[in-house]
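So you can see what is in the structure, the chains are spelled out below.
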Amino acid sequence: MALIPSQVLRVAILLSYFSILCHYKALDMPAHQTYGGSWKFLTFIDLVIQAVFFGLCVLIDVSSLLTKGGDSREQERQLRKLIGLRDWMMAVLAFPVGAFVVFTFWSLYLYDRDLVYPRLLDNFIPQWLNHGMHTTVLPFIIIEMRTTHHRYPSRLWGLAAVWCFGIGYILWTCWVNQVTGVWVYPVLERITPLARVIFFSAMTVVISVFYVLGEILNSYIWDQPHTEKVKGE
């Protein structure tokens, strides 16, 4: 028996995301006042994705509790739709985007933090908030994957959705540069146009790899032989 019910964990995670988003939006940062505001940054978009995803998880928990023991087919049909949407969000947004943000941020940060998180930001963003945006995202989503079985779409359709998201964000980044003359991330200022194309292509490959890794991890956790072995221990 789990020490903490999964429903309680989801509520706690959702509240933590609300706190992080509120504190982040309250920051008096010059970048928030320019074109695109907070929506220029993949980190903020990911926080919104995670908050919406866990909000959907909590909604499903509440709906399941309210409809438990009922015989309404319409309620069951609506609940199945919500569960399908939750599983789709986990597969193509919550896990791959969350893992991508954590991996790329800390990889670039450890190599040269000024490429992605200039020291000037330390004056605006406290350390706990930085970790809330760039660290805890991954363990939170792995906890959700471990406590709930999520059905993945076919790999082709799943990857197509991930590519649409990735390409959409790249085009949005290029548009912001077109309007303002400034790249969202310092690393893009320091490389040539050809290198940017290679960089964007590499990032699309990386997020695709995270999609496949999420699918494999979900399958490993919930495949029948492994699940039976765990229950039998």
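Residues numbered from 1 in each chain as written. Predicted model: local features only at pLDDT ≥ 70, side-chain atom pairs only at ≥ 80, totals over all residues. Heavy atoms only, no water.

Short version of the rule: UniProt positions are given in the numbering used here, feature names are shortened, and annotations may be inferred rather than shown by experiment.
The name that an unreviewed UniProt entry assigns to the protein chain is Androgen induced 1, with the source organism given as Lates calcarifer. Of the comments in the UniProt record for the protein chain, the one headed Sequence similarities (unreviewed entry) reads "Belongs to the AIG1 family." One UniProt comment on the protein chain, placed under Subcellular location (unreviewed entry), says "Endomembrane system".

1. Considering the overall build of the protein chain
Our working rule: Put simply, DSSP H or I for four residues or longer makes a helix, DSSP E for two residues or longer makes a strand, and each gets a number counted from the N terminus. Radius of gyration here uses only the C-alpha atoms, and the compact-globule reference equals 2.2 Å multiplied by the residue count raised to the power 0.38.
Across its full length, the protein chain carries nine helices and zero strands. Listing the helices and strands of the protein chain from first to last along the sequence gives α-α-α-α-α-α-α-α-α. A compact globule built from 233 residues should have a C-alpha radius of gyration of about 17 Å, and the protein chain, at 19 Å, falls within 12% of that. Overall, the C-alpha framework of the protein chain stretches about 60 × 40 × 35 Å when taken along its three principal axes.

2. Overview of the packing of aromatic side chains
Two aromatic rings are characterised by how far apart their centres lie and by the angle between their planes. The criterion, for reference: Ring geometry is summarised as follows: Phe, Tyr and Trp rings, the Trp one being its six-membered ring, pair when their centres sit within 6.5 Å, and such pairs are stacked at plane angles under 30 degrees, edge-to-face over 60 and tilted between the two. Working definition: with a 1.4 Å probe on protein chains only, accessible area under 20% of the residue-type maximum means buried, over 50% means exposed, and in between means partly exposed.
If you walk through the whole model with that rule in mind, you get 16 aromatic pairs. Geometrically, the ring pair formed by Tyr 24 and Phe 44 is stacked, given 5.7 Å between the ring centres and 25° between the ring planes. One end of the pair, Tyr 24, is in helix H1 (residues 6-26); the other, Phe 44, is in helix H2 (residues 42-67), and 20 residues separate them in sequence. Here the two residues Tyr 24 and Phe 44 agree in accessibility, since each one is buried. Pairing Tyr 152 with Tyr 211 gives two aromatic rings, centres 5.8 Å apart and planes at 55°, and the pair type is tilted. Taken as a pair, Tyr 152 in the loop between helix H5 (137-147) and helix H6 (155-180) and Tyr 211 in helix H8 (residues 193-222) lie far apart in primary sequence, 59 residues in all. Connected via pairs of aromatic rings, a cluster forms that spans Tyr 17, Phe 53, Phe 54 and Phe 140.

3. Some thoughts on H1
Our working rule: The span expected for a helix works out to 1.5 Å for each residue beyond the first. The directions from the helix axis to the C-beta atoms are what the arc is built from. The criterion used for residue contact is that any of the two residues' heavy atoms lie within 4.5 Å.
With 21 residues, H1 ought to run about 30 Å at 1.5 Å a step, and its terminal C-alpha atoms sit 30 Å apart, in line with that. Those residues of H1 lying buried are Ser 6, Arg 10, Ile 13, Leu 14, Tyr 17, Ile 20, Leu 21 and Tyr 24. The arc that holds every buried residue of H1, seen down its axis, measures 125°, which confines them to one face. Pointing more than 90 degrees away from the buried face of H1 are the exposed residues Leu 15, Cys 22 and Ala 26. Looking at the packing, one finds that the buried side of H1 touches H2, helix H4 (127-134) and H5.

4. Some words on the UniProt feature "transmembrane region" (unreviewed entry) in the protein chain
The UniProt record marks residues 7-27, 47-67, 88-108, 128-145, 157-178 and 198-221 with the feature "transmembrane region" (unreviewed entry), using the residue numbering of this structure. The span residues 47-67 is 100% helix and 0% strand, and its two end C-alpha atoms sit 30 Å from each other. Along residues 88-108 the backbone is 100% helical and 0% strand, and the end-to-end C-alpha distance reaches 29 Å.

5. Structural notes on a nonpolar patch on the surface
The test is simple: Surface patches are drawn from residues lacking salt bridges whose relative accessible area is over 30%; two like charges belong together within 9 Å, two nonpolar side chains (Val, Leu, Ile, Met, Phe, Trp, Tyr) within 5 Å. Only the protein chains shown count as cover for residues, and all accessible areas are computed by the Shrake-Rupley method using a 1.4 Å probe. Between Lys or Arg on one side and Asp or Glu on the other, a salt bridge is scored when a side-chain nitrogen of the former is within 4 Å of a carboxyl oxygen of the latter.
The grouping of Val 205, Val 209, Leu 213 and Ile 216 at the surface amounts to a nonpolar patch, some 340 Å² of accessible area in total. Topologically, Val 209 is positioned in helix H8. Judged by its relative accessible area of 42%, Val 209 falls in the partly exposed class.

6. Focus: the layout of surface pockets
Where we set the bar: In this analysis a 1.4 Å probe is tested at points of a 1 Å grid over the protein atoms alone, and where it fits but cannot get out there is a cavity; an open set with protein on both sides within 12 Å along at least five of seven lines is a pocket; lining residues have an atom within 4 Å of a point. Grid points are joined across faces, edges and corners, and a volume is the space filled by probe spheres set on the points. Put simply, Ala, Val, Leu, Ile, Met, Phe, Trp, Tyr, Cys and Pro go in the nonpolar bin, Asp, Glu, Lys and Arg in the charged bin, and everything else, Gly too, in the polar bin.
Looking at the largest pocket, its volume works out to about 950 Å³. What lines the largest pocket is a set of 43 residues, and nearest its centre among them are Phe 41, Val 116, Val 184, Tyr 185 and Pro 186. For the lining of the largest pocket, the secondary-structure elements that each account for two or more residues are H2, helix H3 (73-112), H4, H6, helix H7 (186-189) and H8. Here the residues of the lining of the largest pocket are counted per class, giving 34 nonpolar, eight polar and one charged. Within this model, the second largest pocket holds a volume of roughly 200 Å³. The wall of the second largest pocket is formed by Ser 6, Gln 7, Arg 10, Val 11, Val 58, Ile 60, Asp 61, Val 62, Ser 64, Leu 65, Lys 68 and Arg 86.

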